[in-house]
Amino acid sequence: MTTVSNLKHNKVVRKIVQISYLTFLFGSLMITTLSAAETDGRWHEIKTSLFGDRAIKDGEDVIGLETPYRALDAAVVPISIESKITQNQNNYIKSLYLVIDNNPSPIAAVFHFPGKHNWQSLSTRVRVNAYTDLRVIAEINDGNIYMVNNYVKASGGCSAPSLKDPAAAAAHLGKIKLKLPKASNLGDLLSTQLLIKHPNSSGLQFDQISRQYIPANFIRSIQVTFNDEVVFTADSDISISEDPSIHFGFSPEEEGILKVEVKDSTGRTFNHSVDLPNQEKG
Amino acid sequence: MIKHRLRGELNRWHSLRLRTLVVMLLLCLDTGILKAQPSEFMEIAPGIYLRPGIQQNFASHNRGHIANIGFIVGKQAVAVIDTGSSYQEGLTLRRAIREITALPIQYVILTHMHPDHTLGAAAFDQDAPVYIGHAQLKDALIRRQTHYLDRLKEVLGSTTEGTRLVLPSAGVEVGRAVRLELGDRILELQAYPTAHTNNDLSVYDRNSGTLWLSDLLFVERIPVVDGSLLGWLGVIDYLDQSEAKRVVPGHGPVVTEWKASLADQRRYLDALLSGIRGIVRQNGTIEQAIEQVGQEEKDNWLLFDEYHGRNVTASFVELEWE
Ligand SMILES: [Zn+2]
């Protein structure tokens, strides 16, 4: 269920996501090398906009975060988040913020969980433009906020956080896959991968060199439900890699339908569903 | 005159090494910047000059001179093939051309988007050439311009002043080769479907049977997948039909027994393909693939540790959609 405070919260986040996106589009906020002070300044700004002056505690006992030491492919940096608490209806991660300080659009995604399903891990892939802190901030249902962060070195040489083949991306746009374990029983924690074929691209500003404008085209929200109850929702942005992938876990206690609904910045909606515990239909 | 010395040399070719004499141009005296690395241009076939790239990663100690760049001289005009990583490297190349000929530099061919091939192009603005590349090169460069220029500045600092992006003024479509006439010398430009990148172009010089493949072929240095693994394997099949006498790779020495080099590259890419497919089939992750796939190729390639994980990552996200 969405509470009133949750709604307000979502709105604020969306606003920040939008602002940072607009800055990317029209400003020249492509900062590659930032001094320590600038970096801290950036995080301070993001933090204030997301959480005001609420205290953020060290999250070491609450969440684990695995990132590569160096981004190998700037366009696809796999990250993995682990819940160190056993989640139940009385104690669960309500929201999970994924922040990449030095990306043009630093708030990569915000996940919301209803607390009905235990989960142990969540992974996705992000773009990393520059040397940066990558943070995961968990808001627990009791109102406490915890953070962990890792430093990620940018990738070398010719690796850019851009689309590799825009024509191919356009050709398959909107395809969705749900990959589930080959065999499972009711009640098992299912490790599930959601894959969405989408360029998730920032577009390009009109500029002096190119005289060219490529409209933005990225996924704004993802909702996963099981028998119409939310498993998680995510507000996302251009820092999530092309063809977004989300590995998540949940335990279906009954047979039913796992559904995905994806909305993008151009107003399109994409749907997909599978029957559980059966395998994906062709 | 260097020119005359070169001509004399041309008659005495036996091996690549002999052919390689050539223009130890001490071009760097006036700038001071490049003093540590006099640029060596070799005439690899009559009228085809190459400055071999250093087989290292892009770094300040090699000034980004890592790609093979060069030029082809006809009776009436010159065509440049790739321009190096910076305005300064482009100027070095231009000076090398002027040591050899005063003919107009009519074409600057950009074989693909990567910064070690494209970012020296501004050095030729004074010649008002046709900048030509794959039809998709322009879009690819625009998408990456800020990133490439930022990274260049980060690695090479202020010595790259003047470097800017030059967008191609002409494009070659896949399946529609373009001929450039240099005077008694025709170059055939061919664009490829997505392979090393989505904007790869080759240059074939009929007179000498030289096929300039640029980064469609890596020799000794590990290939970089920045387009499509499956696409590249398809292009390799196609290239294998070619009867070119010699091939200029984007990195590594010019090869006459080039089919063996092409086969080496295929073997590596095939290892990626079969290894990653196996892991995708078991719902495995990118991290597992990075650890497990293609490790047997480690000793076969320079810079394996720097690029292999990246290749696995890029190929994984392609293959999980098969
Ligand atoms: Zn390249």
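Calculation criteria
- Residues numbered from 1 in each chain as written.
- Chains lettered and ligands numbered in written order.
- Predicted model: local features only at pLDDT ≥ 70, side-chain atom pairs only at ≥ 80, totals over all residues.
- Heavy atoms only, no water.
- Helix = DSSP H or I, 4+ residues; strand = E, 2+ residues; numbered from the N terminus.
- Buried < 20%, exposed > 50% of the residue type's maximum accessible area, 1.4 Å probe, protein only.
- Contact = heavy atoms within 4.5 Å.
- Areas by Shrake-Rupley, 256 points an atom, 1.4 Å probe, with all protein chains shown as cover.
- Expected span 1.5 Å × (residues − 1).
- Bend = angle between axes of the 7 residues up to and from the residue.
- pLDDT = per-residue confidence, 0-100.
- Donors = N, O, S within 2.8 Å, 3.2 Å for Na, K, Ca; no water.
- Tetrahedral: all angles 85-135°; square planar, octahedral: opposite > 155°, others 65-115°.
- Patch = residues over 30% accessible without salt bridge, like charges linked within 9 Å, V, L, I, M, F, W, Y side chains within 5 Å.
- Salt bridge = Lys/Arg side-chain N within 4 Å of Asp/Glu carboxyl O.
- Lys, Arg positive; Asp, Glu negative; His and termini not counted.
- Charge placed at Lys NZ, Arg CZ, Asp CG, Glu CD.
- Buried area = accessible area lost by both parts, 1.4 Å probe.
- Polar contact = N/O pair within 3.5 Å; in protein donor to acceptor, adjacent residues only side chain to side chain.
- Nonpolar A, V, L, I, M, F, W, Y, C, P; charged D, E, K, R; others polar.
- Pairing = 2+ DSSP bridges.
- Axes fitted to C-alpha atoms, helices over the stretch in contact; angles between N-to-C directions.
- Parallel < 35°, antiparallel > 145°, perpendicular 65-115°, else oblique.
- Left-handed = near helix turned anticlockwise from the far one by under 90°.

1. Overview of the overall build of chain B
Reasoning step 1: Per the secondary structure count, chain B includes nine helices and 13 strands.
Reasoning step 2: In chain B, which comprises 322 residues, the share counted as buried stands at 61%.
Reasoning step 3: Within chain B, contacts between residues separated by at least 24 positions form 65% of all contacts whose residues are at least 6 apart in sequence.
Reasoning step 4: Counting every atom, chain B has about 12,200 Å² of accessible surface; 50% of that belongs to carbon and sulfur.

2. Quick notes on helix 5 (residues 137-156) of chain B
Note that an α-helix has 3.6 residues per turn; residues three or four places apart therefore point the same way.
Residue and element names in this part refer to chain B.
Reasoning step 1: Between its terminal C-alpha atoms helix 5 stretches only 24 Å, short of the 28 Å expected from 20 residues at 1.5 Å a residue.
Reasoning step 2: Along its length, helix 5 reaches its greatest deviation from straightness, about 60°, at Arg144.
Reasoning step 3: Of all 20 residues in helix 5, 14 are buried; the element is thus mostly enclosed.
Reasoning step 4: Of the residues one or two after helix 5, Gly157 is the one with positive phi, at around 65°.

3. As for the confidence of the model for chain A
Reasoning step 1: Overall, the predicted model of chain A reaches an average pLDDT of 84, with 82% of residues at or above 70.
Reasoning step 2: Counting contacts from residues 1-33 of chain A, a segment whose pLDDT is below 50, to residues more than four positions away or on other chains yields 54 contacts.

4. Re the coordination of the zinc ion
Residues and elements named next belong to chain B.
Reasoning step 1: Looking at the metal site, the zinc ion is ligated by His112 (NE2), His114 (ND1), His196 (NE2) and Asp215 (OD), spaced 2.0 to 2.2 Å from it.
Reasoning step 2: The site at the zinc ion holds four donor atoms, and with the angles between them running 88 to 165°, its shape is irregular.
Reasoning step 3: Expressed as a motif, the donor residue spacing for the zinc ion is H-x1-H-x81-H-x18-D. Taken together, the positions of His114 in the loop between strand 6 (105-109) and helix 4 (115-118) and His196 in the loop between strand 10 (186-191) and strand 11 (201-205) put the pair 82 residues apart, joining distant regions of the chain.
Reasoning step 4: Among the residues examined, His114 registers a relative accessible area of 1% and is labelled buried.

5. Here's the deal with a negative patch on the surface
Reasoning step 1: Judged by side-chain charge, A:Glu66, A:Glu82, B:Glu287 and B:Glu291 come together as a negatively charged surface patch.
Reasoning step 2: Turning to its location among the elements, A:Glu66 is positioned in strand 2 (residues 63-66).
Reasoning step 3: Judged by its relative accessible area of 59%, A:Glu66 falls in the exposed class.

6. Remarks on the interface of chain B and chain A
Reasoning step 1: Taken together, the contact pairs 39 residues of chain B with 43 residues of chain A.
Reasoning step 2: Between chain B and chain A, a total of about 3,700 Å² is buried, with carbon and sulfur atoms accounting for 55% of that surface.
Reasoning step 3: Contact with chain A buries area across many residues of chain B, yet B:Arg143, B:Arg310 and B:Trp321 alone supply 22% of it, more than any other trio.
Reasoning step 4: Where chain B touches chain A, the interface holds one salt bridge.
Reasoning step 5: One salt bridge connects B:Glu320 with A:Arg125, and the closest N-O pair in it is separated by 2.5 Å.
Reasoning step 6: The interface formed by chain B and chain A includes ten residue pairs in polar contact (both at pLDDT 80 or more).
Reasoning step 7: Mapped onto the side of chain B that touches chain A, the elements with two or more residues apiece are helix 5, helix 7 (258-281), helix 8 (286-292) and helix 9 (304-319) of chain B.
Reasoning step 8: Take the side of chain B that touches chain A: its biggest share by element is twelve residues, from helix 5 of chain B.
Reasoning step 9: The class makeup of the residues in the side of chain B that touches chain A is 14 nonpolar, twelve polar and 13 charged.

7. Here's the deal with the sheet that holds strand 15 (residues 269-276) of chain A
Residues and elements named next belong to chain A.
Reasoning step 1: Across the sheet, nine strands lie side by side as 1-8-7-4-5-12-11-14-15; this open sheet has mixed pairing. The sheet is open, and its two edges are formed by strand 1 (57-58) and strand 15, each paired on a single side.
Reasoning step 2: In the sheet, strand 4 (residues 93-100) pairs with strand 7 (residues 132-140) via seven bridges, with the strands oriented antiparallel. Counted as the bridge partner of Leu98 is Val136 from strand 7.

8. Section: the pattern of salt bridges
Residue and element names in this part refer to chain A.
Reasoning step 1: Evaluation of the coordinates by the stated rule reveals 27 salt bridges over all chains.
Reasoning step 2: Asp73 serves as the salt-bridge partner of Lys164, at 2.8 Å between the closest nitrogen and oxygen. Pair noted here: Lys164 is in the loop between strand 8 (145-152) and helix 3 (166-171) and Asp73 is in the loop between strand 2 and strand 3 (77-83), with a separation of 91 residues, a long-range link.
Reasoning step 3: Classification of Asp73 by relative accessible area gives buried; the value is 0%.
Reasoning step 4: The residue Asp101 makes a salt bridge to Arg135 at a minimum N-O spacing of 2.7 Å. Pair noted here: Asp101 is in the loop between strand 4 and strand 5 (107-112) and Arg135 is in strand 7, with a separation of 34 residues, a long-range link.
Reasoning step 5: We classify Asp101 as buried; its relative accessible area is 0%.
Reasoning step 6: One connected set of salt bridges, linked through shared partners, spans Asp101, Asp133 and Arg135.

9. So, the sheet that holds strand 6 (residues 121-126) of chain A
Residue and element names in this part refer to chain A.
Reasoning step 1: Strand order across the open sheet formed by six strands is 2-3-6-13-10-9, with antiparallel pairing between neighbours. Looking along the sheet, the strands with just one partner apiece sit at the ends: strand 2 and strand 9 (176-179). Averaged over all adjacent pairs, the angle separating strand axes in this sheet is 15°, with direction ignored.
Reasoning step 2: When strand 6 meets strand 13 (residues 245-250), the two strands line up antiparallel, connected through three bridges. Residue pairing in the sheet places Ser123 in a bridge with His247 of strand 13.

10. A closer look at the packing of helix 6 (residues 229-239) of chain B against helix 7 of chain B
Residue and element names in this part refer to chain B.
Reasoning step 1: Interhelical geometry of helix 6 versus helix 7 gives an angle of 150° and a closest axis separation of 10 Å. Of the possible angle classes, the one that applies to helix 6 and helix 7 is roughly antiparallel. As helix 6 runs across helix 7, the sense of the crossing is left-handed. Counting all contacts with helix 6, which are made through Leu229, Leu230, Trp232, Leu233, Ile236, Asp237 and Leu239, the residues of helix 7 involved are Trp258, Lys259, Leu262, Gln265, Arg266, Leu269, Asp270, Leu272, Leu273 and Arg277.
Reasoning step 2: The class makeup of the residues in the contact of helix 6 with helix 7 is eleven nonpolar, one polar and five charged.

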